[in-house]
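Chain by chain, the residues:
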Amino acid sequence: MKKILLAEDEDSVRSFLTRALQRAGYEVVSCADGDSAIDALDQGPYDLLLTDIVMPGADGIEVAKVAGQRQPGLKIMFITGFAAVALNAQKASPEAKVLEKPVHLREIVTEVERLIAA
């Protein structure tokens, strides 16, 4: 079973994403902020990091940097509601996929499947 680390500070979004990804057959470790996600890296290895960018504590870009150092080659997908932040994320991790909120759950699951299969 493929394993995803999910970092999202909005409780309802995190809950919906977790359930959708679990229904799609993934094991999901979900975290409410960037600092918790960095701590959860020890529970890896992961097949994908799915992270919001703007969060309390470490932001998603910092989580991605730490995750990439600890697990080189980890696939990364950012989600954000801020277009300018999305541009910065793309510059920081050009190989990462960036989705802007609002995002439909089916779109996220499809993109996760595509990224993990690549």
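Here's what I pulled together on the structure shown here. A quick note: this is a predicted structure, and the numbers were derived from the prediction, not measured.

Observations concerning the sheet that holds strand 2 (residues 27–31)
Phase 1: Strands sit in the order 2-1-3-4-5 across an open sheet of 5 strands; the sheet is parallel. Pairing within the sheet leaves two strands with one partner each, and these edge strands are strand 2 and strand 5 (97–100). Neighbour to neighbour, the strand axes of the sheet diverge by 15° on average, direction disregarded.
Phase 2: Pairing between strand 3 (residues 48–52) and strand 4 (residues 75–80): 5 bridges, direction parallel. Bridging across to strand 4, T51 finds its partner in F78.

Remarks on helix 5 (residues 105–117)
Phase 1: Its 13 residues give helix 5 an end-to-end C-alpha distance of 18 Å, which sits within 8% of 18 Å, the value for a rise of 1.5 Å per residue.
Phase 2: Of all the positions in helix 5, only I108, V109, E111, V112, L115 and I116 are classed as buried. The arc that holds the buried residues of helix 5, viewed along the axis, is 165°, so those residues lie on one side. Projecting away from the buried face of helix 5 at angles above 90 degrees are the exposed residues R106, R114 and A117.
Phase 3: Each element contacted by the buried residues of helix 5 is listed here: strand 1 (3–7), helix 1 (11–23), strand 3, strand 4 and strand 5.

Looking at the pattern of salt bridges
Between side chains of opposite charge, a pair can form when the charged atoms approach closely.
Phase 1: Applying the stated criterion across every chain, the model contains 4 salt bridges.
Phase 2: Between D42 and R70 there is a salt bridge, with its nearest N and O atoms 3.5 Å apart. Within this pair, whereas D42 is found in the loop between helix 2 (34–40) and strand 3, its partner R70 is found in helix 3 (residues 60–70), the two being separated by 28 residues in sequence.
Phase 3: For D42, a relative accessible area of 64% corresponds to the exposed category.
Phase 4: Residue classification places R70 among the partly exposed residues on the basis of a relative accessible area of 47%.
Phase 5: A salt bridge links E111 to R114, with the nearest nitrogen and oxygen atoms 2.7 Å apart. On the criterion of helical spacing, the pair formed by E111 and R114 is a turn pair, its members being 3 residues apart in helix 5.

Calculation rules
Residues numbered from 1 in each chain as written. Predicted model: local features only at pLDDT ≥ 70, side-chain atom pairs only at ≥ 80, totals over all residues. Heavy atoms only, no water. Pairing = 2+ DSSP bridges. Helix = DSSP H or I, 4+ residues; strand = E, 2+ residues; numbered from the N terminus. Axes fitted to C-alpha atoms, helices over the stretch in contact; angles between N-to-C directions. Expected span 1.5 Å × (residues − 1). Buried < 20%, exposed > 50% of the residue type's maximum accessible area, 1.4 Å probe, protein only. Arc of directions from axis to C-beta. Contact = heavy atoms within 4.5 Å. Salt bridge = Lys/Arg side-chain N within 4 Å of Asp/Glu carboxyl O.

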